[in-house]
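Residues per chain, in single letters:
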Amino acid sequence: MRYLYSILWKDHSRTHLLWAFLGTTAGFVLLLAGIQFYLDIKSVLSQNQDLMDPEYIVINKKVNIGQTLGLVMAGFSPEEIEEIASQPFADQVAPFLSNNFPVSGYTENERFPDFYTDLFFEAIPDEYIDVKSEDWNWSPESGNIPIIIPQDYLNLYNFGFAPSQGLPQIPKGVISMININIRLKGQGRGNYDDYPGRIVGFSNRIHSILVPHDFLIWANEKYGYFKKTDPSQVILVSKDPTDPAIIKFLEEKGYDTIREKLKSSRMNIILKFIISFLVVIASIIIALAFLVFLLSLQLMISRSSEKIRRLNKLGYHYREISRPYVVLLLILMVGVTGLSLLITSILTRQFSSMAGEWSLDISSSLYGIIYGTALGLITLIFFSNVVAILVSTKKLCK
Amino acid sequence: MTIQLDKMIPLPMLEQDTTGSGIWEIESVRFEQGKTYIIEAASGRGKTSLLSVIYGIRKDYRGKVYLDHNDINDFTWRDWSLLRKEKLSFIFQGLELFDNLTALENIQLKNSISNHQSPQKIEEMAERLGLAEFLQRKAGILSFGQQQRVAILRALCQPFDYLLADECFSHIDRENSLKAYQVIREECESQKAGLILTSLNGTDLLEAHVRMKL
């Protein structure tokens, strides 16, 4: 058999095979590294998510001129809420409840400047609120109204408004001590009541002035006389805020949210885009390299066609004649797989130590699926080439 | 093994006058193992075609060819490969040597399939064919006559029931032809094989059981 190898291997084109080898290796590295990094970054994203637990996303409709003119409803209809709730990424959904009667607040305290302001209240069930406070309860008997305002409001005052107006900055604890009179007005003149109110917490999650859900239901019942409107905000709880479907859904529906919250979802989309781009490029490279392999081997076979006919006349089966080509192919394929896995794992290690400097925890070894992909692809290329080799040697034989 | 031709004629021969042919005009021709057949004919009478059809490298013929009563049309790739390795040996008119291999490597290419001949036996036969000193030379630089003897020696390096020799002495002088014929006959006898030898002319000195004209 060794004569067969020395006869048939003579006619190879070293340059063709080298380029095919390098091209396939490059394509493989690109593809494998792409998959590896995608998995890495995905795991980093979901790790970060674990720290924050499920994401609470407040959704509102984008404000447009139609709403300004009162032509379009800014609120969410029950059907729309139902639709949001039915999305696979939505684990819980709750509409915001708002007051449908006038509310105002004022202070009477010699230590602080008096103020008076019209107010609004919104409420959602307690489980959606990030502030846990003992004071966060209400009963018709106690009458005390606990209030949660956004942390940002306090910041605005302390770091923006107060310094510019020569007013003192107020720490959180002090704010909670200020008694605010809350006036709830029903329909008709003189139909109002004052209740003591107090700010009991600051929310990072919800940009609204919150009061207990029970209270607002009760108050709307008692004082409410505005025409009932659909809730303008909805809170959505998602266990996987990295899911790119969230952004896609919101954009399709024209809903808006605080973008920051969906950073990982957005990042995921960008990531997926980059990776799929990479995969397409890698696939093209691999396809081209595969073609070069195919053509180089065919060229080799056709250069050797006289020899193959001769060997066939001497009694060699076309399968025996194919063997040197298959062995050559196998050597190259094993080389491609080995080399591309090696390069990918070196890249991975580099990437991992680089990411370590940014305190990102990224795997420094290859994922199992990388080996699987490499093996699967190489097997596919190998066997389709073997078929091509068998077909073309058979053609030359009798 | 018996070889039987039933009204077999290669297609190109149909366009020629085959009157008086000892094969193309005969209803059924039978070759028997162990016998020596010499087929003599002028150029273009179908000598090579006849042997090629029997060897399976020509399929353009009319009629039937049977090897041991099996129609060769039904043979698979595997069947042909086995036949050419173990039952049929061919000395090609075109030699079919690999120029880049040495004479010995050309011979080994065949011999290594079944290790039929020992190295000593090959050397001995090479000696008798006057090839001993050329064994290590590249086949491509040998004279045609020397190459022809390499091809003869190669054909003897496998088991066979029939040896098909196609004008195998065309470039060898009379004396060396007789020596070579002797070597061939001995190998055929030791294998109890048949020999079908074609030639243009000058075969009268070669012993044979049957002589045919195409």
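About the criteria used
- Residues numbered from 1 in each chain as written.
- Chains lettered and ligands numbered in written order.
- Predicted model: local features only at pLDDT ≥ 70, side-chain atom pairs only at ≥ 80, totals over all residues.
- Heavy atoms only, no water.
- Helix = DSSP H or I, 4+ residues; strand = E, 2+ residues; numbered from the N terminus.
- Buried < 20%, exposed > 50% of the residue type's maximum accessible area, 1.4 Å probe, protein only.
- Contact = heavy atoms within 4.5 Å.
- Areas by Shrake-Rupley, 256 points an atom, 1.4 Å probe, with all protein chains shown as cover.
- 1 Å grid on protein atoms, 1.4 Å probe; cavity = no way out; pocket = protein on both sides within 12 Å on 5 of 7 lines; lining within 4 Å.
- Points joined across faces, edges and corners; volume = space filled by probe spheres on them.
- Nonpolar A, V, L, I, M, F, W, Y, C, P; charged D, E, K, R; others polar.
- Pairing = 2+ DSSP bridges.
- Axes fitted to C-alpha atoms, helices over the stretch in contact; angles between N-to-C directions.
- Parallel < 35°, antiparallel > 145°, perpendicular 65-115°, else oblique.
- Buried area = accessible area lost by both parts, 1.4 Å probe.
- Salt bridge = Lys/Arg side-chain N within 4 Å of Asp/Glu carboxyl O.
- Polar contact = N/O pair within 3.5 Å; in protein donor to acceptor, adjacent residues only side chain to side chain.
- pLDDT = per-residue confidence, 0-100.
- Patch = residues over 30% accessible without salt bridge, like charges linked within 9 Å, V, L, I, M, F, W, Y side chains within 5 Å.
- Left-handed = near helix turned anticlockwise from the far one by under 90°.

Observations regarding the overall build of chain B
Part 1 of the reasoning: A count of helical and extended segments in chain B gives six helices and nine strands.
Part 2 of the reasoning: Considering chain B as a whole, with its 214 residues, one finds that 56% of them fall into the buried category.
Part 3 of the reasoning: Long-range pairs, those at least 24 residues apart, make up 78% of the contacts in chain B with a sequence separation of at least 6.
Part 4 of the reasoning: Summing over all exposed atoms, chain B offers an accessible surface of approximately 9,400 Å²; the carbon and sulfur share of this is 45%.

As for the overall build of chain A
Part 1 of the reasoning: Helix and strand content of chain A: 12 helices and 11 strands.
Part 2 of the reasoning: Every one of the 398 residues in chain A was classed for burial, and the buried ones make up 45%.
Part 3 of the reasoning: In chain A, the share of contacts with a sequence separation of at least 24, taken over all contacts with a separation of at least 6, comes to 78%.
Part 4 of the reasoning: Total accessible area computed for chain A in this model is approximately 20,900 Å², and 61% of it derives from carbon and sulfur atoms.

Overview of empty space enclosed by the protein
Part 1 of the reasoning: Counted under the stated rule, the structure contains three cavities of 30 Å³ or more.
Part 2 of the reasoning: Empty space within the largest cavity amounts to approximately 50 Å³.
Part 3 of the reasoning: Its residues assigned to classes, the lining of the largest cavity comprises three nonpolar, two polar and two charged.

Considerations on the sheet that holds strand β9 (residues 210–213) of chain B
All names here are of chain B.
Part 1 of the reasoning: Taking strand neighbours across the sheet as the criterion, the five strands line up as β6-β7-β8-β3-β9 in an open arrangement whose pairing is parallel. This sheet does not close on itself; its edge strands, each paired only once, are β6 (88–91) and β9. Going from strand to strand, the sheet's axes swing by 15 degrees on average, the running direction of each strand aside.
Part 2 of the reasoning: The sheet contact formed by strand β3 (residues 36–40) and β9 spans four bridges and is parallel. Note on β9: the bridge partner recorded for Ile38 is Arg211.

With respect to the sheet that holds strand β4 (residues 61–67) of chain B
Whether parallel or antiparallel, the strands of a sheet pair through hydrogen bonds between backbone atoms.
Residues and elements named next belong to chain B.
Part 1 of the reasoning: As summarised here, the arrangement of the four strands in space is β2-β1-β4-β5, forming an open sheet in which the pairing is antiparallel. This sheet does not close on itself; its edge strands, each paired only once, are β2 (28–31) and β5 (70–71).
Part 2 of the reasoning: Strands β1 (3–10) and β4 of the sheet are contacted by helix α1 (residues 47–55), whose axis makes an angle of about 125 degrees with β1.

What about unusual backbone geometry?
Residue and element names in this part refer to chain B.
Part 1 of the reasoning: In this model, Glu96 sits at a positive phi of 60 degrees, which is unusual for a non-glycine residue.
Part 2 of the reasoning: With respect to the helices and strands, the residue Glu96 is situated in the loop between β6 and α3 (103–114).
Part 3 of the reasoning: Classification of Glu96 as buried rests on a relative accessible area of 12%.

Some remarks on the layout of surface pockets
Residue and element names in this part refer to chain A.
Part 1 of the reasoning: Of the pockets and cavities examined, the largest pocket occupies roughly 730 Å³.
Part 2 of the reasoning: Elements supplying a minimum of two residues to the lining of the largest pocket: β5 (116–119), β7 (145–150), α5 (151–165) and β8 (180–185).
Part 3 of the reasoning: With five residues, the single largest contributor to the lining of the largest pocket is α5.
Part 4 of the reasoning: Residue composition of the lining of the largest pocket, grouped by class: 20 nonpolar, three polar and one charged.

Regarding the packing of helix α4 (residues 119–128) of chain B against helix α6 (residues 174–191) of chain B
All names here are of chain B.
Part 1 of the reasoning: Packing of α4 against α6 leaves a shortest axis separation of 9 Å and a crossing angle of 150 degrees. With respect to α6, the axis of α4 lies roughly antiparallel. Across the interface between the two elements, Lys121, Met125 and Arg128 from α4 touch Lys179, Gln182, Val183, Glu186 and Glu187 from α6.
Part 2 of the reasoning: The residue makeup of the contact of α4 with α6, split by class, is two nonpolar, one polar and five charged.

Some words on the interface of chain B and chain A
Quite often, the size of an interface is put as the accessible area lost when its parts meet.
Part 1 of the reasoning: Each partner contributes to the interface: chain B provides 20 residues, whereas chain A provides 19 residues.
Part 2 of the reasoning: Of the roughly 2,000 Å² buried where chain B meets chain A, counting both sides, 64% is carbon and sulfur surface.
Part 3 of the reasoning: Along the contact surface separating chain B from chain A lie three salt bridges.
Part 4 of the reasoning: Lys313 of chain A is the salt-bridge partner of Glu96 of chain B, the closest N and O atoms lying 2.5 Å from each other.
Part 5 of the reasoning: The interface formed by chain B and chain A holds 11 residue pairs in polar contact (both at pLDDT 80 or more) in total.
Part 6 of the reasoning: Counting residues per element, the side of chain B that touches chain A draws most heavily on α3 of chain B, at six residues.
Part 7 of the reasoning: Partitioned by chemical class, the residues of the side of chain B that touches chain A number nine nonpolar, four polar and seven charged.

A look at the confidence of the model for chain B
Part 1 of the reasoning: The predicted model of chain B averages 92 in pLDDT, with 100% of residues at 70 or higher.
Part 2 of the reasoning: Two summary scores accompany this predicted model of the complex, namely pTM at 0.69 and ipTM at 0.92.

Some details on the pairing of strand β4 (residues 103–106) of chain A
Residues and elements named next belong to chain A.
Part 1 of the reasoning: Side chains Val103 and Gly105 project from β4 onto one buried face, and the interleaved Ser104 and Tyr106 project onto a second face that is buried too.
Part 2 of the reasoning: Taken together, the four bridges between β4 and β8 define a ladder with antiparallel strand orientation. Looking at β8, one finds that Ser104 is bridged to Arg183.

A look at helix α2 (residues 77–86) of chain B
Part 1 of the reasoning: Every buried residue belonging to α2 of chain B is among Trp80, Ser81, Leu83, Arg84 and Lys85 of chain B, and all of these are buried.
Part 2 of the reasoning: Summarising the contacts, the buried residues of α2 of chain B are in contact with α10 (305–313) and α11 (318–357) of chain A together with α1, β4, β6 and α3 of chain B.

Things to note about a nonpolar patch on the surface
Part 1 of the reasoning: A contiguous nonpolar surface patch, about 460 Å² in accessible area, is contributed by Val280, Ile284, Leu288, Leu291 and Leu295 of chain A.
Part 2 of the reasoning: Its place among the elements puts Ile284 of chain A in helix α9 (residues 263–303).

With respect to the side chain of Ser52 of chain B
Residues and elements named next belong to chain B.
Part 1 of the reasoning: Among the structural elements, Ser52 can be located in helix α1.
Part 2 of the reasoning: Take Ser52: its relative accessible area is 7%, and that puts it in the buried class.
Part 3 of the reasoning: A polar contact of 2.8 Å, which involves the side chain of Ser52, links it to the backbone oxygen of Thr48.

Observations regarding the packing of α11 of chain A against helix α12 (residues 368–396) of chain A
All names here are of chain A.
Part 1 of the reasoning: Relative orientation of the contacting elements α11 and α12 amounts to 160 degrees, with a least axis distance of 9 Å. Our classification of the angle between α11 and α12 gives roughly antiparallel. When the axes of α11 and α12 are compared, the crossing they make is right-handed. Residues Tyr318, Arg319, Ile321, Ser322, Tyr325, Val326, Leu329, Leu330, Met333, Val336, Thr337 and Leu341 of α11 lie in contact with α12, whose contacting residues are Ile370, Tyr371, Ala374, Ile378, Ile381, Phe382, Asn385, Val386, Ile389, Leu390, Thr393 and Lys394.
Part 2 of the reasoning: Looking at the contact of α11 with α12 residue by residue, the classes come out as 18 nonpolar, four polar and two charged.

Notes on the confidence of the model for chain A
Part 1 of the reasoning: When pLDDT is averaged across chain A, the result is 85; 94% of the residues are at 70 or more.
Part 2 of the reasoning: Taken element by element, the predicted model of chain A shows its lowest mean pLDDT in helix α3 (residues 65–68) of chain A (72) and its highest in α10 of chain A (93).

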